[in-house]
Amino acid sequence: MPKMNLSHFEASFLFALFTSVVLGVVTKRTDRERLRYGLYVFGCFFAALVGIGWLMYFGHG
Amino acid sequence: MATKEKPAKEPMPPLNVWLAPVAVGWLIPGGGHYLLKRTGRAVLLTVSVTCMFVLGLLMRGAMFKPQSGDILTILINWGGFLGDIASGILYLLTSWLGYAQADVPGAVHDYGTKFLVTAGLLNVLAMVDAYEIAGGRKS
């Protein structure tokens, strides 16, 4: 079986993408709401990813 | 004095209505939605959960096995095991075909382990959604 080497960013990005899709699909009641919620969750994941990344960067000095 | 009335608890739908979608949804990610003719959503669930699981395997993530020991070991290993097994056929095939891997140190392997468990947890959400659709609580 081939081994996949992803960077932290790539792995987090893919994690955010698939999790957002599922959360969007199962949470809301109309397709429009699902799309909006999926995008919102993905945005939150991405903001946390970038924000915590910078926090760790400055934390390390 | 006026008291707030508790909202009436919805009765549980009959077993024969939701059992098949939930069971198929466990075995095949998104399967419950296929059964309930929600094809578009079913495809999204199947693709997302399967991609998550396969990426976890390709990153050489570890499969949890139930272990006894101190409370933290029990919690982590049983929790991880339940998360893994919630992926249904993906977990079963991985175990039967010998692709389950032991835990090894490394950031990528660690991500892989989390991907495997999360795929199962996302499938649990899909099963709950299938239950609600089958019971008529959602469209």
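Thresholds, definitions, all that
- Residues numbered from 1 in each chain as written.
- Chains lettered and ligands numbered in written order.
- Predicted model: local features only at pLDDT ≥ 70, side-chain atom pairs only at ≥ 80, totals over all residues.
- Helix = DSSP H or I, 4+ residues; strand = E, 2+ residues; numbered from the N terminus.
- Rg over C-alpha atoms; globule rule 2.2 N^0.38 Å.
- Buried ≥ 20, exposed ≤ 12 C-beta atoms within 10 Å, placed from the backbone.
- Contact = placed C-beta atoms within 7 Å.
- Nonpolar A, V, L, I, M, F, W, Y, C, P; charged D, E, K, R; others polar.

(A) A look at the overall build of chain A. Each helix and strand counted, chain A has 2 helices and 0 strands in total. Computed over the C-alpha atoms, the radius of gyration of chain A is 15 Å, more than 25% above the 10 Å expected from 2.2 N^0.38 for a compact globule of 61 residues. In terms of overall dimensions, chain A has a C-alpha envelope of 45 × 35 × 10 Å along the principal axes. Relative to its full complement of 61 residues, chain A shows a buried share of 20%.

(B) Local environment of the interface of chain A and chain B. Contact residues are listed per partner, giving 17 residues for chain A and 23 residues for chain B. Looking at side-chain class alone, the side of chain A that touches chain B contains 12 nonpolar, 3 polar and 2 charged residues.

(C) Focus on the environment of N123 of chain B. Residue and element names in this part refer to chain B. Within the secondary structure, N123 sits in helix 6 (residues 107-134). A C-alpha to C-alpha distance of 19 Å links N123 and V17, two positions 106 residues apart in sequence. Filtering out sequence-adjacent residues up to four positions away, N123 remains in contact with W26, P29, V49, A86, S87 and G88.

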